[in-house]
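Coordinate analysis (summary)
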Amino acid sequence: MSEKTKPYALITGASKGIGKSIAYELAKQGYPLLLVARSDEELKALSNDLQDKFRINAFILSIDLSTNGASQKVTDWIKSNNYPLGILVNNAGYGVWGNFSQSALSDQLGMMQLNMNVVVELSHLLVPILSKQKQGYILNISSTAAYQAVPTLAVYSATKAFVLSFTRALRFELAQISISVTCFSPGPVDTGFAARAGLSALNKMAEKFNMQPDEVAKMAVKAMFSKKSEVIPGFTNIISVYANRILPKAFIEKTAAGIYKI
C-alpha cells in the first residue's frame, strides 16, 4: 500500500515522548501524519525531519488541546483540508503530583480536561471521518496507573482509569463499523512526564524500570494494527497489574503511597 492510498494518522501530544516516537514508527510504515501539540517550533522540526527521512506528508497544528473548543478546531482543520483520516492516536496528557488538597484546583481540572475530555471529544468528533475508511483505528494511551488508586497521583490515576474503561466500551460499540479501538497502558517511560508532574520521587526508580519511548511506540503501533483490546508493555508492568487484582487494595495503595511519597 503506497502513501497515496494510506489514510492519515492524527497524533496528539506529538512533539515529544511517546507521541513523537509513534510518529516516527508510523512514518517508517509509510503513513502520512497530522501532528498536534502546543509547541510550534518542536512540531515544525519534527515535521521536517519526518518528511526528509521517510518522504511522507507530515502536517502540523500547534494548539493547546486543554483550551475550550480545541478539539473542534482540530476537527475543522481536518475537514477543511479533506485529510482522509484513518487513525486517531489519543496520546496527549500529563500528570500532577502532590497531595490533592494542597494542589491547585486549576491544575487538576486542566489535567482532567486533557486526559479525559479531549479523548472523548476527539473520538466523538472524528468517528464519522474514521468510519469512511475500510478499517479505522483509535489508539488511546493510558497508564498502568489506570489499574489502581495512586495516592499523590489521585486525579491522574483516576483519569487513566477513565480512559481504560471508556476504551473498553467504545471498542465494543465501534466494532460494528470496522473501527478497532485499543488501550495501551505503559508504566514508567523515559519522557518528560515525571519532570512536568514534579515527580522527583521517581528519579532513582526510573533508572531501573523506565522503558524507552521508541520501544514503547513500536509495541503500541503493533498492538493497534493487531486490533488488540488492551496491552500492558513490559513483564514487570504486567506482573504489577495482575498483583493489583489479587492483593488487598489497602496494601496496594499503601505501597504506592510509599513509592510516590512527597
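This report concerns the structure included in the present document.

**Section: the overall build of the chain**
For the chain, the count of helices and strands is 10 helices and seven strands. Expressed as a percentage of the 262 residues in the chain, the buried residues total 48%. In the chain, the share of contacts with a sequence separation of at least 24, taken over all contacts with a separation of at least 6, comes to 72%. For the chain, the exposed area adds up to about 12900 Å²; of that, 55% sits on carbon and sulfur atoms.

**Details of the environment of Phe 162**
In this structure, Phe 162 sits in helix α5 (residues 154–174). Each C-alpha atom, one on Phe 162 and one on Asn 115, is 9.0 Å from the other, the two residues being 47 residues apart in sequence. Residues within four places of Phe 162 in sequence aside, it is in contact with Met 116 and Val 120.

**Digging into the pattern of salt bridges**
For the structure on display, the rule yields four salt bridges. The partner of Glu 230 in a salt bridge is Arg 168, and the shortest N-O contact between them spans 2.7 Å. Placement of the pair is Glu 230 in strand β7 (residues 230–231) and Arg 168 in helix α5, with a sequence separation of 62 residues. Looking at Arg 168, the relative accessible area reads 42%, which means it is partly exposed.

**What to know about the side chain of Ser 180**
As for its placement among the helices and strands, Ser 180 is situated in strand β6 (residues 179–184). Looking at Ser 180, the relative accessible area reads 8%, which means it is buried. Sequence-distant contacts of Ser 180, defined by excluding residues within four places in its chain, comprise Gln 135, Gly 136, Tyr 137, Ile 138, Arg 171, Met 224 and Lys 227.

**Side note on helix α4 (residues 105–130)**
With 26 residues, α4 should cover 38 Å at 1.5 Å per step; its first-to-last C-alpha distance of 35 Å lies within 8% of that length. Taken as a whole, α4 carries its principal kink of about 40° at Asn 117.

**A word on a nonpolar patch on the surface**
Together, Leu 105, Leu 109 and Met 112 make up a nonpolar patch on the protein surface, roughly 270 Å² of accessible area in all. The topology assignment puts Leu 109 in helix α4. With relative accessibility at 46%, the residue Leu 109 sits in the partly exposed group.

**Concerning helix α3 (residues 70–80)**
Turning to α3, its buried residues are Ala 70, Ser 71, Val 74, Thr 75, Trp 77 and Ile 78. Axial view of α3: buried residues confined to an arc of 155°, hence all on one face. Turned more than 90 degrees away from the buried face of α3 sit Lys 73 and Ser 80, all of them exposed. Phi turns positive, to about 55°, at Asn 82, one or two residues after α3.

**Digging into the sheet that holds strand β1 (residues 8–12)**
Each strand in a sheet pairs with its neighbour through backbone hydrogen bonds, running either in the same direction (parallel) or in the opposite one (antiparallel). Across the sheet, which stays open at both edges, the seven strands sit in the order β3-β2-β1-β4-β5-β6-β7 with parallel pairing between neighbours. Pairing within the sheet leaves two strands with one partner each, and these edge strands are β3 (58–62) and β7. Here strand β4 (residues 85–90) pairs with strand β5 (residues 136–141) via four bridges, running parallel. Bridge pairing in β5 links Val 89 to Leu 139. Of the strands in this sheet, β1, β2 (33–37), β4 and β5 touch helix α1 (residues 17–28), which is tilted by about 170° from β1. Strand contacts of α5: β5, β6 and β7, with the helix running at about 160° to β6, the strand carrying the most contacts.

**What to know about the nonpolar core**
Core analysis: the largest hydrophobic core is formed by 38 residues, its most contacted members being Leu 10, Leu 65, Val 74, Ile 78, Leu 85 and Ile 138. With near-sequence residues (within four places) excluded, Ile 138 lies in contact with Leu 88, Asn 90, Val 127, Leu 130, Leu 170, Leu 174, Ile 179, Ser 180, Val 181 and Thr 182. Listed in part, the 33 residues of the second largest apolar core include Ala 14, Ile 22, Tyr 137 and Met 224.

**Some words on the packing of aromatic side chains**
Here the structure, examined in full by the defined rule, presents eight aromatic pairs. Aromatic pair Tyr 8 and Phe 59: ring centres 6.2 Å apart, planes at 20°, arrangement stacked. Here Phe 59 lies in strand β3 and Tyr 8 lies in strand β1, a separation of 51 residues in the sequence. For Lys 6, the ring lying beneath its charged end belongs to Tyr 31, and the centroid distance is 4.4 Å.

**Considering the pairing of β3**
Sheet topology places β2 next to β3; five bridges connect them, and they run parallel. In the strand pairing of β3, Leu 34 is matched with Phe 59. Since β2 and β3 lie parallel, the crossover through helix α2 (residues 40–54) that links them has a hand, and here it is right-handed.

What counts as what
- Residues numbered from 1 in each chain as written.
- Predicted model: local features only at pLDDT ≥ 70, side-chain atom pairs only at ≥ 80, totals over all residues.
- Heavy atoms only, no water.
- Helix = DSSP H or I, 4+ residues; strand = E, 2+ residues; numbered from the N terminus.
- Buried < 20%, exposed > 50% of the residue type's maximum accessible area, 1.4 Å probe, protein only.
- Contact = heavy atoms within 4.5 Å.
- Areas by Shrake-Rupley, 256 points an atom, 1.4 Å probe, with all protein chains shown as cover.
- Salt bridge = Lys/Arg side-chain N within 4 Å of Asp/Glu carboxyl O.
- Expected span 1.5 Å × (residues − 1).
- Bend = angle between axes of the 7 residues up to and from the residue.
- Patch = residues over 30% accessible without salt bridge, like charges linked within 9 Å, V, L, I, M, F, W, Y side chains within 5 Å.
- Arc of directions from axis to C-beta.
- Pairing = 2+ DSSP bridges.
- Axes fitted to C-alpha atoms, helices over the stretch in contact; angles between N-to-C directions.
- Core = buried A, V, L, I, M, F, W, Y, C linked by side-chain atoms within 4.5 Å.
- Phe/Tyr/Trp six-rings, centres within 6.5 Å; stacked < 30°, edge-to-face > 60°.
- Lys NZ or Arg CZ within 6 Å of the ring centre and 35° of its normal.
- Right-handed = clockwise from strand over helix to strand, strands pointing away.

The values are spatial; any link to function lies outside them.
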